[in-house]
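# Understanding the architecture of this molecule
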Amino acid sequence: MAGAVLVAAALWASVWAGQCAEPPGSDVFREELLLTPLRSGDIAATFQFRTRLDADLRKEKVSHYRIFPKVLGQLISKYSIQELHLSFTQGFWRTKAWGPPLLQAPTGAELWVWFQDSVTDVNKSWKELSNILSGIFCASLNFIDSTNTVTPTASFKPLGVANITDHHLLRYATLPREIVCTENLTPWKKLLPCGSKAGLASLLRAERLYHSSYHSQSVHIRPICQNADCSSVSWELRQALTVVFDMYSSGQGKRDWSIFKMFSRTVTESCPLASQSKIYVDVSGSGKEVDLFELNPPTSLERQVVVHGDRRVYAEYDLSQQGTFSTSRNLNVALKWKGRTAESAGQPQSPLFHAERYVSGYGLQSGVINTMVFNNHPYRAYPVMLLETVPWYLRLYVHTLTITTRGKENKPSYIHYEPAKDRQRPHLLEMLIQLPPNSITKISIQFERALLKWTEYPPDPNHGFYISPSVLSVLIPSVINQKTDELEESTLFSTLFPSSDGSSYFMRLYTEPLLVNLPTPDFSMPYNVICLTCTVVAVGYGSFYNLLTRTFQVEDRKGGGLAKTIANLIRRLRGVPPL
Amino acid sequence: MGLLSDPNRRQALSRVVTQLNTPLCIISYLVGTMWFLGLAFQPFTLRSYISENSMGSTMVEEQFVSGERGLSYAREFAAHKKSAGGSPVAWLERTMRGLGLEVYSQSFVRTLPFPDETTERFMVKGTNVYGILRAPRAASTESLVLSVPCSEGQNNNQAVGLLLALASYFRGQIYWAKDIIFLVNEHDLIGMEAWLEGYHDVNVTEIKSSVMLGRAGAIQAAVSLEMSSDVITSFDLVVEGLNGQLPNLDLVNLFYAFCQKNTLLCTIQGKLQRTDFDTFPGYLHSLQTMLIMMLKQGSGRPQGDHGLFLRYHIEAITLRGINSFRQYKYDMNTVGKTLEGMFRKLNNLSERLHQSYFFYLLPCLSRFVSIGIYMPAIGFFILILILRSLDLWIKLRRSDGTAEDGVMDTEQDPRPGILSLATPIVICHATGLSLYYLPVMSQEMATDHFPVSESEAVVLTAIAIYVAGLALPHNTHRVLSGAGSDQGWMTLKLISLLYLAVLLGCISLINFSLGFLLAVTIVPVAAIVQPTGPRALYALLLVLITPATTLLGSIFLYRELIEYPVSLLECWQLFLQAIAGGMLDHYLYGSLLFPFIAFFVYPCWLQLWNVVFWK
């Protein structure tokens, strides 16, 4: 329990301080784009659009919305939402090859919402909310029901200004099978003040975004402090979009990239409504070996930040400055590698923390869910909070839960388990596990596959059933000391999760979803069964009817006795022929 | 029931069963045999078709053109393999990483229960190397496997080259929805078993392997490729897997469809399809093809690396590139295009392959015999056993009935005691158990006392125990009193026949070929044996149909069918190898044939032997 408190404390102890230069009372919009070359040679582009509404939706009735989307504002007021986090993801962030993500999201759709303590029936609000969001984002969020909703006790904490700790106000659900496409992107873009007409959002062309290895879009709404003493509260809408371009397949093995090559257009202007519009390019690594690559157009603005315990250098382009654009009024940031090519990249170094998950065993009766958690930190141990949500049709055997590190049993310091109820709610398993330095921890639990009712199978039952990714929340001690005061301006890099102090940083990782086959009947079987049953019934009934209606006559050898006389007497009374 | 409830009709029925028993049995045997022979006759077979909608047509524009690159990879691989003296792990890892794959390796060690003489190995150490191509559109929930065994000598170098060329080409494509695993497994089947057990994190056999780190979700289908020349004339398709399991027919059809699209010659069991299927030679040809398939399937041995996938419910086939003396040769590009087409079609799968048949026989590639059509053949054989046991049952009841009345002959034998029946059954099964356990357990003792190698010791001990089992009935009968009645042997035979019927019924559902081979030999003799009449003839017949003799005959027949006949002495050598091989298959891959024969078929046969020598 102590560990849970520790994570919890780390999460919300540091209340978000939205420092901003603008005077309070006027809504603010900022747009940022971060381009990060990844270890594998791919490139990640992270867009972040932040809209701030300087009015408290909880207390006053807001009727005038300037740049904050009205549809979301009304939603917050109507359902008394404290915080809302929604993400749609296609593909999987490969931590091992790409390094730690700025903000990871599970494959498919994820929604988690904190309600205000004024809400009486949380389940009802949750159900209605997911249906409305389903309509807003053209997604199948309406499939969120009690069978895939859980209430985690320790893994998810409010990220904004909050004074609630009662986890009964939290609802969490994932839909691992949700497929993300343009119909989800368009409504997401419409929430932006400039739409996709101007600014960085004009780069978001669907045909390029979906021609990538990974695509994730998210919406985060939370209350933040308007000023330093937190006397009044603003609402922040953060729309983030991460896309990873596979430079190997599109660039024929060359690692050179440019904005035009990635998005098939260049930046021509910033959004006029934006108070801040910037492009950052991660140029770390060039420090050690000089002039590995060349950035074009060159920029003089550079910024050093510590992200995920690692000191990084970012080149900065300010789109609000006219000088940033070329003579033809566009900006096409390009990076050219000099000399050495991708060949020299070698094996990517493994990140400090990552996890993978798989199902083991064969056959359709039972199996084991295994999660391998890697702590590659050279000398520090740290705890990880693991959240597993398993659908009811996999019956977990909790007594088989084993956690082993380096061949020895590892006892979790906190376990919260809620068993599933058939057709009603999923299994929920939360554990706080201490990871020794430089170790692999294997968590395995056996399950049995249930046989569904034949109407419960989806149209493609042999595809298998998805198990949502497990969530790992971890506070990683950083290798280098970071100074907190640098973080205030560079909002993009610090992401949503505040860091408690300089010595560690918070990260939430998701494992891959699992695909499990359930025993599937042959669906032409009902027909066979009907044929067979009819035959059996016909034959059986016929014979029994025959036996029951036939008059049996016992050949009388000795001439009967008292019993027969009595029987005949009764038969005569009944009017049937005597024996 | 109406028939049975009427005593008169029941008597008539039992009269039919007893009096017409022999003709009925003969007719049944003939019908069963004719039915079986008819299976290969073209008008009776079904034309194969792809049932899976998502693989419906071959409408894929294959663009693979890096066949030359594959050959240069192959040469490089051959050089590195030679210098490394095994799988060139480091080179493979480097090359695959250079292609943009996620590369992992898995090392394994397997100590065989006794040395394998044919391949000369006892302790097998190796490393499997595999690279995963991560699909951009999915979260590693599903995957496909392309595997190539890294064999000794110059074998399969070209297959590895093609695998690398395909990996490089596939890496540049964006349409993958399933991860693709490119696997180079060392030591053929042992390496494959190690990899599969590692991937599924189970330990079925006693293989030891390193912890596997890279995974790619549930494997949907696998193709194993073997090719040892730069050009090929035809592709041979191998389907028979462990314990006679077969891949879904759709996978076979998919391959056949792409062969037709690329006008590639494809064979099955090394036999090309004939066009004159309506003539007698054409019929004989397809019968031959089907018989070879049945002999291979009946052996329960995986005929290619794909065979081990089937246990994990992964549909898999092996493709063997053949370079014979035909005029027209196909280069790497055509082969690569065929594989590309197949993988792109498999990539489209939304569900596991399940639409088509899992139980079938292939008289040729374009036609198949489904389970519904071939099962009656064995049904007729089992009918013989049932008819015979009905006959025995009625006879037993009749003698019971007369004995109870006490009117007829008082010198009728007393009913056999439970002890006199249970003893031979228990002894037969105990012999079966010792046949299973003793050979491997006592190999050390045998090598100490006799000048034989371990594997010879195992095989010879097995044969010795097998033969020693024949001597048992003479010994047991002396001890037991009151066992030598007519009722005694009839009851024992009744039990044996029913036992045999159940055994054959069960095994033919799992492995039709094995069931059929056993049934066609054992059933007629089992039906006629009895302790009266020409006992020497019965004993001879029983020896001729014992599972061991069936194995010998099958080897002989197989070599005849593949047109590579052997002399009797060679056949004996092969027979000894097959016994050792069968036992190794059981210990290495979990093949069920050896325990099935030792625990069930052989004891059942011994019971019949007991019947013949009943005194």
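Residues numbered from 1 in each chain as written. Chains lettered and ligands numbered in written order. Predicted model: local features only at pLDDT ≥ 70, side-chain atom pairs only at ≥ 80, totals over all residues. Heavy atoms only, no water.

Along the backbone of chain B there are 21 helices and 12 strands. Relative to the compact-globule value of 25 Å for 615 residues, chain B shows a C-alpha radius of gyration of 28 Å, a close match. Overall, chain B is about 95 × 60 × 45 Å in size when its C-alpha atoms are taken along their principal axes. Among the 615 residues that make up chain B, the fraction classed as buried is 58%. By element, 62% of the accessible surface of chain B is carried by carbon and sulfur atoms, the whole surface being about 24800 Å². (Helix = DSSP H or I, 4+ residues; strand = E, 2+ residues; numbered from the N terminus. Rg over C-alpha atoms; globule rule 2.2 N^0.38 Å. Buried < 20%, exposed > 50% of the residue type's maximum accessible area, 1.4 Å probe, protein only. Areas by Shrake-Rupley, 256 points an atom, 1.4 Å probe, with all protein chains shown as cover.)

Below, the discussion takes up the interface of chain B and chain A. For an interface, size is often stated in terms of accessible area lost upon the parts coming together. Opposite the 39 residues of chain B that make contact, chain A presents 40 residues. Linking chain B to chain A there are 2 salt bridges. Put simply, aspartate 201 of chain B and lysine 442 of chain A hold a salt bridge, and the shortest N to O gap is 2.8 Å. The tally of links between chain B and chain A comes to 12 residue pairs in polar contact (both at pLDDT 80 or more). (Contact = heavy atoms within 4.5 Å. Salt bridge = Lys/Arg side-chain N within 4 Å of Asp/Glu carboxyl O. Polar contact = N/O pair within 3.5 Å; in protein donor to acceptor, adjacent residues only side chain to side chain.)

Moving on to helix α18 (residues 535-544) of chain B. Residue and element names in this part refer to chain B. Looking only at α18, the buried set comprises Tyr538, Ala539 and Leu542. The buried side chains of α18 occupy one side of the element, clustering within an arc of 100° when seen end-on. Turned more than 90 degrees away from the buried face of α18 sit Ala536 and Leu544, all of them exposed. Of the surrounding elements, those touching the buried residues of α18 are α17 (512-528) and α21 (593-612). (Arc of directions from axis to C-beta.)

A few words on the domain arrangement of chain B. Residues and elements named next belong to chain B. Per the domain assignment, the segments making up chain B are domain 1 (7-41 + 374-402 + 416-613) and domain 2 (87-271 + 301-358). Taken over C-alpha atoms, the centre of domain 1 sits 38 Å from the centre of domain 2. Contact with domain 1, which involves 24 residues of that partner, is made by 21 residues of domain 2. For the pair domain 1 and domain 2, the two sides together bury roughly 1800 Å², of which 59% comes from carbon and sulfur. (Domains from an automatic or database assignment. Buried area = accessible area lost by both parts, 1.4 Å probe.)

What follows concerns the sheet that holds strand β3 (residues 121-133) of chain B. Residue and element names in this part refer to chain B. With mixed pairing, the 9 strands of this open sheet are ordered in space as β6-β2-β3-β5-β4-β7-β10-β8-β9. Every interior strand has two partners, whereas the edge strands, β6 (208-209) and β9 (266-268), have only one. Bridge analysis of strand β8 (residues 234-238) against β9 gives 3 bridges, and the strand direction is parallel. Bridging from a neighbouring strand, phenylalanine 235 pairs with cysteine 266 of β9. (Pairing = 2+ DSSP bridges.)

Right, let's talk about the state of the cysteines for a bit. Residue and element names in this part refer to chain A. The full count for this structure, using the stated rule, is 1 disulfide over all chains. Paired through a disulfide, cysteine 194 and cysteine 271 show a sulfur-sulfur distance of 1.6 Å. Between cysteine 194 and cysteine 271, the S-S torsion sits near 60°, and that sign places the bridge as right-handed. With cysteine 194 in the loop between α5 (182-190) and α6 (206-209) and cysteine 271 in the loop between α8 (259-263) and β10 (276-282), the pair connects residues that are 77 residues apart, well separated along the chain. Each member of the pair, cysteine 194 together with cysteine 271, is buried. (Disulfide = S-S within 2.5 Å.)

Here we come to the UniProt feature "transmembrane region" (unreviewed entry) in chain B. Residue and element names in this part refer to chain B. Feature annotation in UniProt places "transmembrane region" (unreviewed entry) on residues 20-41, 357-387, 418-437, 497-530, 536-558 and 587-608, given in this structure's numbering. Between the first and last C-alpha atoms of residues 357-387 the distance is 32 Å; the span itself is 55% helix and 29% strand. The span residues 418-437 is 100% helical and 0% strand by assignment, and the distance between its end C-alpha atoms comes to 28 Å. (UniProt positions renumbered as here; feature names shortened; annotations may be inferred.)

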